[in-house]
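# Examining the three-dimensional arrangement
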Amino acid sequence: MATPYYVPETSVPLPPPDADVITTACDYCIVACGYKVYRWPVAGGKNGGPLADQNAFGVDFPVDPLGPWIAPNQHNVVLHKGEPHHIVIIPDKDTKHVNIDGDSSIRGGAIAKKAYNPQSPTRDRLKQPLLRMYGVLMPVPWDFALDIAAEVSKHVIAKHGANAYGVKTYSYQYMENTYAITKYALRHINTANFTFHDTPSDVTSTPGFRDAGFDNFGPSYEDWRDAETLLICGTDPYETKTILFTQWIMRGIENGQKAIFMVPRRTAGVAYAEKNGGLWLDVLPGTDLLVVNAIARIIVENGWEDSDWIQKWVNNKWESSSGFGQGTRNTPWQWRTTWGKFQTAGFDDWKKWLLAQPEFELDKASELSGVDPQKIRTAAEWMAKPRDGGARPKTSIMIEKGFYWSNNTGNTQAISALGIIVGAGGRPGQVIARAGGHQRGGLRGGKYPRNKSPEKLPGRRRRAIDTDRYMVAGHTRLAHVIGNTWIQSMCGSQGLAKRFDELVVANPHQIRSFDKQDIIDTLKARADSGGMVVINQEIYLVDPIGNRYADIVFPAATWGEETFTRANGERRIRLYQKFYDAPGEAKPDWWIIAQLGKRMGFDGFDWKDSNDVLEEGSRFSRGSRKDFHMVKVAAHREGKTLHQKLAEFGTNGIQGPVMMLADGSLEGTKRLHDVNRKLPDAGPAGQNMFNKKLTHFNSQTGKCNIQKSPWSLFSDYWEWMRPKGDELWCTSGRINERWQSGFDDRRRPYIVQRWPENWVELHPDDAKARGIENGDYVMLFSDRIPSQKDTILGVEGDDFQFGSLMKNGHIELSKASITAVAIVTPAIKKGVAYMDFLHTSQPANALAGRVVDWISGNYNYKMGVGKVKKIGVSPYKDTFRSMSFARRDIA
């Protein structure tokens, strides 16, 4: 429940002219707006004044609305070198990239409140290591906790094998950390029981993009602005990537861009597009593939495809099969692109297949998807129909999680083919990519050992371990969870929590001693008895993974408390500089991993600081979209560290991959797959590396693979999940004001007052039929949550089809229920309920099936199903201090 009222501060201090100025970027969404931190001591009361010569901004106050004014949520007090300091964090008004108007989202605009301050709700930050003794997490010294963790870890690996050591970690929380974690888990422990925060398996999120040859983040932000037609699937950038929408896409719309949204709810971004001549394809969950292929069918039936582009940049069958030698095509993209289910002999063969599929006929696709056929026809025309003079529209395609986390393989294969035929490649305003969720902070310090995974699809095709199913089966004896809400963020989350209870809490081997060796022996005994030990690294105590299950909790330092590096959605690499002291004894994750690694007997973990980690890792960035190795080369030539050199770029950063020119200067890459870019004929000089994706596509020939996307590989699951009786689709996603699980937002009173609990949007007809009104408490529940319970070896071609799994007894059904506050709105499609995706106490994913896309290994998170009933009246229904039920689909 919300605080009864939020009273904002009425004044904030101005930084004096001599305040420290540190550059950073927002910690939240993919856009990563640039910010400046102004810092000065509290002692002495030397604050800035209202005249230009009295403050760090050099302007007279009050200023105009777009000037450097400071909101109360942009000020905080922190410790710097042990002394209290004021900080003011505002968007960089001087930046030339990203947030070019010096603007921010509601999330980033309040990022100063993220910083630890014991007089604020952040007071519950983890400050010292904790060990669960007698059922209670108690503070212990670092050496005590690390020694126990290392000894138990060595025992588990030695006795039960590397795969018994499971690692569930973030993929984005800065390159210094992700390099250290993957070096430890993949190179040294060499466990296949490893994955990232948003998937049960270490696999690509967009298999169709990978197969076609598209990088997830090839475009620059200006490409989204410069498209004449922009198809946006599975996201509203205004709600989720606000500045990308307001400062880039909106400007395109204002200049005549036709924006098409394919989502099941009408949001503010959709409303703005419609008001300005755009289009809303109000698709039912899981039917995106049908609409995409219906659009493609209309295009090819009318001969609107980009023939010149296809002729030059699309593989024929010989080309798509070339370059693999005679051995087993064991990597997923190799077997997918040479498997008859997907592979084509080129465009003509793909067209023949497409036109032969009755489900892609306009009327059938409209019937199943719920989208008006005229809208589908209009979308096809806008995307591909040449003008009277023969000029083609510049079309771009943007996708995100609402699209690719329902029918993961099929949707991404279909949208890739659609992108190919409309010529969305690597040209200005003609691109195809993800919009992005979190920022891109991954840097691999080791390769995933797929050959150690027991998951095998028919045809000797290895797939990464489903870590959820592996844990449920009792094979994970030690779970090392780093910076994520493992349970609530996965499908069938209440079933996962039940299994954690059985393996951890219900196991008889619990610590009831203060002797270190007794503690070690107890945890070893638990692992040996079939139970599970849990180690958690976090900034706050997360329930239940830390609060209920963790045996050892390590306190982590985060944004602003250490110097880190990360890239945004246009591959813009920037330094996130340290500007205040971490709380208590909290340490960055790279440091925690280094201490464990040394105790485990691994070499190469003797880093002095985070710059050491990044410098070691720079060579592993070579050939990637974030290749920054030449920045290190330049830094060392100039007698600087890599971090020092990156700091010189400020909030502008530099776009990867980074090249060094003949004169020693550095040049970034505006877009990948840039078919108009000319590289030196002499090839790469010095330590430069020419990535194929600079000027071509990521396939063996450098051309695109155009692939089939059979509905039949998914339709049995969709039909089984499809609402029966009075059930509704229960899907989920982000809301503008909250980020991820709300780990920071739960500690911001004004956000807690706005969104005190999870909520569910219901169409008025669905609400009326169930006697539900705005502000009612409702329960969403189901007694048919499917979960795959076995790891099987695929022999027959359909062994992993959902229908076969059901027939052969590999699916079990369970129950789930969550509560929410009802919001009745015509903005949501009839037959669909929509919730915030990660309220940890009311997790929407509890209603989604724990059955992975059998080709890719990803979940279909957006396809939950359940019944909805009123259980009472919430305290927000008749009061106006918390929660608004006003419509959000306004422009």
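Note that the structure is a prediction, hence the values are computed from the model and not measured.

## Focus on the side chain of Asn408
Mapped onto the elements of the fold, Asn408 is located in helix H16 (residues 408-421). For Asn408, the side chain forms a polar contact with the main-chain oxygen of Ser205, separated by 2.8 Å. Setting aside residues up to four positions removed in sequence, Asn408 forms contacts with Ser205, Pro207, Asp853, Ser856, Asn858 and Asn860.

## Here's the deal with the sheet that holds strand S14 (residues 430-434)
Paired through backbone hydrogen bonds, the strands of a sheet run either parallel or antiparallel to each other. The strand order across the open sheet built from 6 strands is S11-S10-S9-S12-S14-S13, with neighbouring strands paired in mixed fashion. The sheet terminates laterally at strand S11 (279-281) and strand S13 (426-427), the two strands that pair on one side only. Pairing of strand S9 (residues 229-233) with strand S10 (residues 258-262) involves 5 bridges; the strand directions are parallel. Note that in S10 the partner of Leu230 across the bridge is Ala259. Contacts from helix H14 (residues 373-384) reach S9, S10, S11 and strand S12 (395-399), with the element oriented near 125 degrees to S11.

## What to know about the sheet that holds strand S4 (residues 83-91)
Spatially, the 4 strands line up as an open sheet ordered S1-S2-S4-S3, and their pairing is antiparallel. Edge positions in the sheet fall to strand S1 (20-25) and strand S3 (75-80), since each of these pairs with one other strand and no more. Averaged over all pairs of adjacent strands, the angle between their axes in this sheet comes to 35 degrees, without regard to strand direction. Judged from the 6 bridges that link them, S3 and S4 form a sheet pairing that is antiparallel.

## Things to note about the nonpolar core
Residues Val31, Ile89, Leu131, Ile148, Tyr184, Trp224 and Phe554 are the most contacted members of the largest nonpolar core, which totals 123 residues. For this core, the leading source of residues is helix H1 (residues 142-160), giving 9 residues.

## Focus on the domain arrangement of the protein chain
Assigned domains within the protein chain: domain 1 (20-123), domain 2 (130-191 + 461-567 + 584-599), domain 3 (211-434), domain 4 (628-690) and domain 5 (712-873). On a C-alpha basis, the centres of domain 3 and domain 4 stand 32 Å from each other. Tallying the contact residues gives 14 residues for domain 3 and 8 residues for domain 4. Its largest share of buried area at the contact with domain 4, domain 3 owes to Gly218, Ser220 and Gly426, together 39% of the area lost on that side. Linking domain 3 with domain 4 are 2 salt bridges. Arg671 is the salt-bridge partner of Asp223, the closest N and O atoms lying 2.9 Å from each other. Scanning the region where domain 3 abuts domain 4 turns up 4 residue pairs in polar contact (both at pLDDT 80 or more). For the side of domain 3 that touches domain 4, the secondary structure elements donating two or more residues are helix H4 (221-226), helix H9 (307-313) and S13.

## Digging into the pairing of strand S5 (residues 130-133)
Judged by which residues are buried, S5 turns out to be covered on both faces: Leu130 and Arg132 on one side and Leu131 and Met133 on the other are all buried. Both S5 and strand S6 (residues 136-139) contribute to a ladder of 4 bridges, which runs antiparallel. The residue bridging Arg132 from the neighbouring strand is Leu137, located in S6. Here 2 bridges tie S5 to strand S19 (residues 552-555), and the two strands are oriented antiparallel to one another. When the bridges of S19 are listed, Leu131 appears paired with Ile552.

## Section: the pattern of salt bridges
The tally for this structure, following the rule as stated, stands at 63 salt bridges. When the shortest N-O distance is used, the salt bridge between Arg469 and Glu455 registers 3.1 Å. In this pair, Arg469 is assigned in helix H17 (residues 467-472) and Glu455 in the loop between S14 and strand S15 (456-457), connecting sequence segments 14 residues apart. On the basis of relative accessible area, Glu455 is assigned to the buried category, the value being 2%. Residues Glu502 and Lys498 are paired through a salt bridge, measuring 2.9 Å at the closest nitrogen-oxygen approach. One end of the pair is Glu502 and the other is Lys498, both in helix H19 (residues 493-505) and 4 residues apart, which spans about a single turn. A single network of salt bridges, built from pairs that share partners, joins Asp27, Lys114, Arg566 and Asp744.

Procedures and definitions
- Residues numbered from 1 in each chain as written.
- Predicted model: local features only at pLDDT ≥ 70, side-chain atom pairs only at ≥ 80, totals over all residues.
- Heavy atoms only, no water.
- Helix = DSSP H or I, 4+ residues; strand = E, 2+ residues; numbered from the N terminus.
- Polar contact = N/O pair within 3.5 Å; in protein donor to acceptor, adjacent residues only side chain to side chain.
- Contact = heavy atoms within 4.5 Å.
- Pairing = 2+ DSSP bridges.
- Axes fitted to C-alpha atoms, helices over the stretch in contact; angles between N-to-C directions.
- Core = buried A, V, L, I, M, F, W, Y, C linked by side-chain atoms within 4.5 Å.
- Buried < 20%, exposed > 50% of the residue type's maximum accessible area, 1.4 Å probe, protein only.
- Domains from an automatic or database assignment.
- Buried area = accessible area lost by both parts, 1.4 Å probe.
- Salt bridge = Lys/Arg side-chain N within 4 Å of Asp/Glu carboxyl O.

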